[in-house]
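Single-letter residue listing:
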Amino acid sequence: MQRQNSAYIKGLALFPEFNDPVKINEMFGIHIEKNIITEKNYEELSKENLPHFIRGISDAFLKTGENSLIFPEEFKEYFIEAGLKFEIENERLLFRKDNAIEFCRFIYEGMDFSYNLFSKEKLFKIISSIKGFYEKLVFILEEYIKRKYYSTLPEDIKKDIKAIFIYLDGLKGAKEAYLKLVNSGVDKEDARYILPMGTMTNIVMTMNARSLYNFFALRCCNRAQSEIRELANLMLKEVKKIAPTLFGKAGAPCESLGYCPEGDFSCGRFPGMNS
């Protein structure tokens, strides 16, 4: 992690405003040695650390246009080395449309969003400028959260990038607290109480046909929480393959009734009982 962040700082510090450990400390709350900034051994950057170095360049120099990213021409060799595709126009490097999305994927896909250095402000500008990137970023973040925190990214939170980072801060704090408890001698079973509700687990359950009908009626409804609704619909799809006649009318009640029995809580998909 230290080498990755050092590579990022080397890229960031190419901009004179950031060529100062005090400025870095103000931005990220970390102390660094001056030699990390002044040592110009960019040729020693490993392939693994190149995305972090280029992300530092991006956070310092990037300008956004309409569905495009713009850089000074001086960084051409670094981008070529990374295998990135761009255009040159008026001594500027332009990443447009798919090339812009690929650039963003390159600098964000392999990073640790909790511990690697990056500018949220610059990321927000990219999201607002590059169409189609937010969907890619959400997928990257979902995979990161699964891998790093054994957790999920709820549907409503993934709609807002700022909400996602609030969620990430919570996941980070919970995991760090869990590890501290375990390392202090607390049993893992008790320490787990501090972990988020979204922590993934494996369960095995059995239901008869009557219980399944009841489950589908409650959890296939649009009012059910998104993850349990997704699970219920997947289960319904499977049982219909096995017993299509038996489960032909299973699912959300409105599907078979033709009206919604939820009253004032109706999602509006079907008319109410008294409509």
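Up top is the structure these notes are about.
The shown structure was predicted, so the numbers you read here are calculated from the model rather than taken from an experiment.

Engineer: Looking at this structure, I do not really get unusual backbone geometry. What am I missing?
Structural biologist: The general pattern is negative phi for most residues beyond glycine and trans for most peptide bonds. In this structure, N90 is a non-glycine residue whose phi angle is positive, near 55 degrees. By the secondary structure assignment, N90 is in the loop between β3 (87-89) and β4 (92-96). Overall, the relative accessible area of 63% leaves N90 in the exposed class. The phi torsion at E91 lies on the positive side, around 60 degrees, for a residue other than glycine. By the element assignment, E91 lies in the loop between β3 and β4.

Engineer: Help me understand the side chain of Q4, please; the structure alone is not making it clear to me.
Structural biologist: For Q4, the location among the structural elements is in helix α1 (residues 2-12). Judged by relative accessible area, which is 14%, Q4 ranks as buried. Discounting residues that sit within four places of it in the chain, Q4 has contacts with E48, N49, H52 and N116.

Engineer: When you look at the layout of surface pockets in this model, what are you seeing that I'm missing?
Structural biologist: Approximately 740 Å³ is the volume found for the largest pocket. Lining the largest pocket we find 25 residues, and of these T152, G198, M200, E227 and I228 sit closest to its centre. Sorting elements by how many residues they give to the lining of the largest pocket places helix α12 (residues 226-242) first, with six residues. Taken together, the residues of the lining of the largest pocket break down into 12 nonpolar, seven polar and six charged.

Engineer: Hey, could you run me through the sheet that holds β3 in this one?
Structural biologist: The strands making up a sheet are joined through hydrogen bonds of the backbone, oriented either antiparallel or parallel. Spatially, the four strands line up as an open sheet ordered β1-β2-β4-β3, and their pairing is antiparallel. If you trace the sheet from one side to the other, it starts and ends with β1 (63-65) and β3, each paired once. Pairwise comparison of adjacent strand axes, ignoring direction, gives a mean angle of 35 degrees for this sheet. Bridge count between strand β2 (residues 68-72) and β4: five bridges; the pairing is antiparallel.

Engineer: Before we go on, may I ask you to explain the pairing of β2 in this structure?
Structural biologist: Side-chain positions along a regular strand alternate between the two faces of the sheet. Summarising burial for β2: four of the five residues are buried, a large majority. Inspection of the sheet shows β1 paired to β2 by three bridges, in the antiparallel sense. The residue bridging G65 from the neighbouring strand is S68, located in β2. Counting the residues between successive antiparallel strands, the hairpin from β1 to β2 contains two residues, one of them, N67, with a positive phi of roughly 55 degrees.

Engineer: Teacher, can you tell me more about the pairing of β4 here?
Structural biologist: Pairing of β3 with β4 involves three bridges; the strand directions are antiparallel. By the bridge assignment, E89 is partnered in β4 with R92. If you look at the hairpin formed by β3 and β4, you'll find two residues sitting between the two strands, and N90 has a positive phi there, around 55 degrees.

Engineer: Explain the pattern of salt bridges to me, please; I cannot follow it from the model alone.
Structural biologist: Side chains bearing opposite charge may pair, as long as their charged atoms lie close to each other. Inspection of the entire model under this criterion finds 15 salt bridges. Note that D112 and K148 form a salt bridge whose closest N and O atoms lie 2.9 Å from each other. Remark: K148 occurs in helix α8 (residues 133-149) and D112 occurs in the loop between α6 (97-108) and α7 (120-129); sequence separation between them is 36 residues. Notably, a salt bridge pairs R223 with E262, separated by 2.6 Å at the nearest N-O pair. Here R223 is found in the loop between α11 (209-219) and α12, whereas its partner E262 is found in the segment after α13 (253-257), with 39 residues between them in sequence. Overall, the relative accessible area of 28% leaves E262 in the partly exposed class. Ionic contacts of the salt-bridge type, sharing partners, join the residues E87, E89, R92 and R96 into one network.

Engineer: Can you walk me through the packing of α11 against α12 in this structure?
Structural biologist: The description of two helices packed together rests on the angle between their axes and the distance between the axes. Contact geometry of α11 with α12 gives a least axis separation of 9 Å together with a crossing angle of 135 degrees. In this view, α11 runs oblique relative to α12, as classed from their interaxial angle. When the axes of α11 and α12 are compared, the crossing they make is left-handed. Contact with α11, carried on its side by L212, F215, F216 and R219, involves I228, R229, A232, M235, L236 and V239 of α12 and no other residues of that element.

Definitions and limits used
- Residues numbered from 1 in each chain as written.
- Predicted model: local features only at pLDDT ≥ 70, side-chain atom pairs only at ≥ 80, totals over all residues.
- Heavy atoms only, no water.
- Helix = DSSP H or I, 4+ residues; strand = E, 2+ residues; numbered from the N terminus.
- Buried < 20%, exposed > 50% of the residue type's maximum accessible area, 1.4 Å probe, protein only.
- Contact = heavy atoms within 4.5 Å.
- 1 Å grid on protein atoms, 1.4 Å probe; cavity = no way out; pocket = protein on both sides within 12 Å on 5 of 7 lines; lining within 4 Å.
- Points joined across faces, edges and corners; volume = space filled by probe spheres on them.
- Nonpolar A, V, L, I, M, F, W, Y, C, P; charged D, E, K, R; others polar.
- Pairing = 2+ DSSP bridges.
- Axes fitted to C-alpha atoms, helices over the stretch in contact; angles between N-to-C directions.
- Salt bridge = Lys/Arg side-chain N within 4 Å of Asp/Glu carboxyl O.
- Parallel < 35°, antiparallel > 145°, perpendicular 65-115°, else oblique.
- Left-handed = near helix turned anticlockwise from the far one by under 90°.

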